[in-house]
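Fold and contact review
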Amino acid sequence: MDFLHQPENTGIDVDLYISTWSRTRTTNPPINCGVGVEIPPNYIDVTEDDIRNVITRDAVIKVHPYLEINHTFQLMHYGWYLGFKLIEDSGNIYDYVYVMRPDLFYIQPSFFMNPFDTNYDNSLGVIGIMSDTNLADGEFFSTYDNIKLLLSSDIFELDSTIGNTHQIWYEYVINKGLHLTALPFEIKDPDRKSTRLNSS
């Protein structure tokens with residue numbers, strides 16, 4: 001994530017927005033989050049101060065009250081929606097938006113290299129897929145308008161309580177008229193298995 005951690009060294013102007021829930025069941029040892037906590041059944045409380053104590057740059061941060069939603073993926077979809085609303089409420093309009101699960105910001109064993117040699121006008125940049133019709137959903141990248149299209153209120157219509165959640169996400173993206181494009185990234189962990197996508 002070099003261009004996120006050190007934007008001044010890349011010539012890319014990047015603003016960081018962090019939108020997350022007030023509690024989680026995802027541990028993150030690199031930032032000492034949840035270390036020693038038995039999960040489940042316990043949750044880890046998350047505060048804005050916790051986040052500011054571990055990030056090393058300015059950011060717009062919103063910690064939302066945790067919602068008791070029946071399915072984790074529905075909670076994630078709502079979190080994406082609220083995160084993009086933070087950007088909209090800022091009044092800033094960006095060329096590109098990169099969406100990432102907050103915990104992956106510190107534990108991802110790869111870094112996202114400069115992606116701007118690819119045209120994303122009609123495509124969504126992703127790290128990988130699980131099969132031909134199953135799309136990973138931890139992070140994705142595209143133009144501001146494409147992300148706005150994806151994270152509109154109809155994302156709440158996705159029924160993740162039945163079927164394959166990754167297939168549901170894949171079909172949602174394709175039905176929005178977006179092609180899938182491989183994001184350029186470099187693997188830091190040689191034991192990590194990854195799937196690269198061809199542009200389609």
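In this report, we go over the structure that sits alongside the text. Since the model is a prediction, treat every value here as computed from it, not as a measurement. (Residues numbered from 1 in each chain as written. Predicted model: local features only at pLDDT ≥ 70, side-chain atom pairs only at ≥ 80, totals over all residues. Heavy atoms only, no water.)

**Some remarks on the overall build of the protein**
For the protein, the helix and strand inventory stands at six helices and 12 strands. A total of 200 residues make up the protein; the buried ones form 44% of that total. A sequence separation of at least 24 residues applies to 68% of the contacts in the protein between residues at least 6 apart. With an accessible surface of roughly 11100 Å², the protein has 47% of that area assigned to carbon and sulfur atoms. (Helix = DSSP H or I, 4+ residues; strand = E, 2+ residues; numbered from the N terminus. Buried < 20%, exposed > 50% of the residue type's maximum accessible area, 1.4 Å probe, protein only. Contact = heavy atoms within 4.5 Å. Areas by Shrake-Rupley, 256 points an atom, 1.4 Å probe, with all protein chains shown as cover.)

**A look at the sheet that holds strand β7 (residues 123-126)**
Taking strand neighbours across the sheet as the criterion, the four strands line up as β5-β10-β7-β11 in an open arrangement whose pairing is mixed. Two strands bound the open sheet, and with one partner strand each, they are β5 (96-100) and β11 (179-182). Neighbour-to-neighbour, the strand axes of the sheet open up by a mean angle of 25 degrees, direction not taken into account. Sheet topology places β7 next to strand β10 (residues 139-143); two bridges connect them, and they run antiparallel. Residue pairing across strands places Gly 125 opposite Phe 141, the latter belonging to β10. (Pairing = 2+ DSSP bridges. Axes fitted to C-alpha atoms, helices over the stretch in contact; angles between N-to-C directions.)

**Considerations on the pattern of salt bridges**
Evaluated as defined, the whole model comprises four salt bridges. Residues Lys 85 and Asp 89 are paired through a salt bridge, measuring 3.2 Å at the closest nitrogen-oxygen approach. Taken together, the residues Lys 85 and Asp 89, both in helix α3 (residues 72-90) and four residues apart, mark about one turn of the helix. Here Glu 88 ties to Lys 148 by a salt bridge, and the two come within 3.8 Å at their closest N and O atoms. Placement of Glu 88 in helix α3 and of Lys 148 in helix α5 (residues 144-150) is noted, with a sequence separation of 60 residues between them. Note on Lys 148: relative accessible area 42%, which makes it partly exposed. (Salt bridge = Lys/Arg side-chain N within 4 Å of Asp/Glu carboxyl O.)

**Description of the packing of aromatic side chains**
One pass over the structure, following the stated rule, counts 12 aromatic pairs. Their ring planes at 80 degrees and their centres at 5.1 Å tell us that Trp 80 and Phe 140 sit as a pair that is edge-to-face. With a gap of 60 residues between them, Trp 80 in helix α3 and Phe 140 in strand β10 connect regions that are remote in the sequence. For the pair formed by Trp 80 and Phe 140, the shared burial category is buried. (Phe/Tyr/Trp six-rings, centres within 6.5 Å; stacked < 30°, edge-to-face > 60°.)

**Here we look at the nonpolar core**
Within the largest apolar cluster, 26 residues are counted, with the highest numbers of intra-cluster contacts made by Phe 140, Leu 150, Leu 151 and Trp 169. Among the secondary structure elements, those contributing two or more residues to this core are α3, β5, β7, α5 and α6 (165-175). Excluding anything up to four places from it in sequence, Phe 140 contacts Trp 80, Val 97, Tyr 98, Val 99, Leu 124, Gly 125, Val 126, Ile 147, Leu 150, Leu 151 and Trp 169. Among the nonpolar cores identified, the runner-up in size contains seven residues, and Leu 16, Ile 18, Ile 51 and Ala 59 belong to it. (Core = buried A, V, L, I, M, F, W, Y, C linked by side-chain atoms within 4.5 Å.)

**Notes on the side chain of Thr 143**
Its place among the elements puts Thr 143 in strand β10. At a separation of 3.1 Å, a polar atom in the side chain of Thr 143 contacts the main-chain amide nitrogen of Asn 146. Once residues lying within four places of it in the same chain are set aside, the contact partners of Thr 143 are Asp 95, Tyr 96, Val 97, Tyr 120 and Asp 121. (Polar contact = N/O pair within 3.5 Å; in protein donor to acceptor, adjacent residues only side chain to side chain.)

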